[in-house]
Amino acid sequence: MKTIELDEDLYRFIASHTQHIGESASDILRRMLKFSPQANEPVRPASAAPAKTEASTPARDRVRAMRELLLSDVYAEQNKAVERFILVLSTLYSLSPADFSEAADVLRGRTRTYFAGDEHTLLQNGSHTKPKQVPGTPYWVITNTNTDRKRGMVEHIMLAMQFPVELTDKVCGTI
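Just so we're clear, the structure is a prediction, and the values are computed from it rather than from any experiment.

Student: Got a minute to help me understand the pattern of salt bridges in this structure?
Tutor: Close approach of charged atoms lets side chains of opposite charge pair. Under the counting rule described, the total for this entry stands at three salt bridges. The salt bridge partner of Glu68 is Arg64, with a shortest N-O separation of 3.1 Å. With a gap of four residues between them, Glu68 and Arg64 both fall in helix H3 (residues 59-71), about one helical turn apart. The exposure class assigned to Glu68 is partly exposed, which follows from its relative accessible area of 22%. Assessed through its relative accessible area of 41%, Arg64 is described here as partly exposed. A salt bridge links Asp148 to Arg151, with the nearest nitrogen and oxygen atoms 3.2 Å apart. Linking Asp148 with Arg151, this pair stays in helix H8 (residues 147-160), spanning three residues, or about one helical turn. Residue classification places Asp148 among the exposed positions, given a relative accessible area of 55%. Overall, Arg151 belongs to the partly exposed group, its relative accessible area being 28%.

Below, the structure is given as structure tokens:
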């Protein structure tokens, strides 16, 4: 990966075209320029794209994506642990919906369900669970847990998704 310097106004312009949480500047530029890194051919418009399948991002690319998230301005701008927690979960899901689902579906507390497909299920575990939908996923997660519990949830999912322990620890340390 190469580093380039951009004027502030150009950077803001690129960042203003972010379509989802965790999207890198490279992804934004590829989309805007209709550039495909695999074949150096234009990317088909979304309307012409085939139906999206639940594909898993290769392990090496997963690690890169998580490192890019940690270095992104979007992540740095999150002022609260719960915002960083939600952003990490959203990114993990985008990298492998099937692996994320497998890990999240078994993650439970002693008396609470942490993840569910709807807000109501989480509210049944207590009226103060403060469920939030994880953007870009079919999941809702409880958010009124302490920061250590949030870190533990991310750690469980990342290790289940076979991320390196060092990266898992780094991500958890930023929440």
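Back to the text.
Student: Hey, could you run me through a nonpolar patch on the surface in this one?
Tutor: There is a patch of nonpolar side chains on the surface, built from Ile4, Leu6, Leu10 and Phe13 and spanning about 380 Å² of accessible area. The residue Ile4 is located in the segment before helix H1 (8-15) in this model. With relative accessibility at 62%, the residue Ile4 sits in the exposed group.

Student: What exactly am I supposed to notice about the sheet that holds strand S3 (residues 140-141) here?
Tutor: Pairing between sheet strands relies on hydrogen bonds along the backbone, with the strands arranged either parallel or antiparallel. Spatially, three strands are ordered S1-S3-S2 in an open sheet, and the strand pairing comes out antiparallel. At either margin of the open sheet sits one strand with a lone partner, and together these are strand S1 (115-116) and strand S2 (132-133). Sheet analysis places S1 next to S3, joined by two bridges and oriented antiparallel. Residue pairing across strands places Ala116 opposite Trp140, the latter belonging to S3.

Student: What should I look at first to understand the side chain of Ser72 in this one?
Tutor: As for its position among the elements, Ser72 is in the loop between H3 and helix H4 (73-76). Taking the relative accessible area as the measure of exposure, Ser72 reaches 18% and is therefore buried. Reaching out from Ser72, the side chain makes a polar contact with the backbone oxygen of Leu69 at a distance of 2.8 Å.

Student: Which parts of the structure should I look at to understand the nonpolar core?
Tutor: Across soluble globular proteins, nonpolar side chains show a tendency to be buried alongside one another. Among the nonpolar cores identified, the biggest contains 38 residues, and Met66, Phe100, Phe115 and Ile157 are the most heavily contacted of them. Of all the elements, helix H5 (residues 81-95) adds the most residues to this core, at 10 residues. When sequence neighbours within four positions are dropped, the list of residues in contact with Ile157 reads Leu89, Leu92, Phe100, Ala103, Ala104, Leu107 and Phe115.

Student: Help me understand unusual backbone geometry, please; the structure alone is not making it clear to me.
Tutor: As a rule of thumb, non-glycine residues mostly have phi less than zero, and peptide bonds are mostly trans rather than cis. A positive phi is found at Lys130, a non-glycine position, where the angle reads about 50°. Positionally, Lys130 belongs in the loop between helix H7 (119-123) and S2. For Gln162, which is not glycine, the phi torsion reads 65° and is therefore positive. Among the secondary structure elements, Gln162 is positioned in the loop between H8 and helix H9 (165-174). By relative accessible area, which is 71% here, Gln162 ends up exposed.

Thresholds, definitions, all that
Residues numbered from 1 in each chain as written. Predicted model: local features only at pLDDT ≥ 70, side-chain atom pairs only at ≥ 80, totals over all residues. Heavy atoms only, no water. Salt bridge = Lys/Arg side-chain N within 4 Å of Asp/Glu carboxyl O. Helix = DSSP H or I, 4+ residues; strand = E, 2+ residues; numbered from the N terminus. Buried < 20%, exposed > 50% of the residue type's maximum accessible area, 1.4 Å probe, protein only. Patch = residues over 30% accessible without salt bridge, like charges linked within 9 Å, V, L, I, M, F, W, Y side chains within 5 Å. Areas by Shrake-Rupley, 256 points an atom, 1.4 Å probe, with all protein chains shown as cover. Pairing = 2+ DSSP bridges. Polar contact = N/O pair within 3.5 Å; in protein donor to acceptor, adjacent residues only side chain to side chain. Core = buried A, V, L, I, M, F, W, Y, C linked by side-chain atoms within 4.5 Å. Contact = heavy atoms within 4.5 Å.

Function cannot be inferred from these measures alone, as they are strictly geometric.
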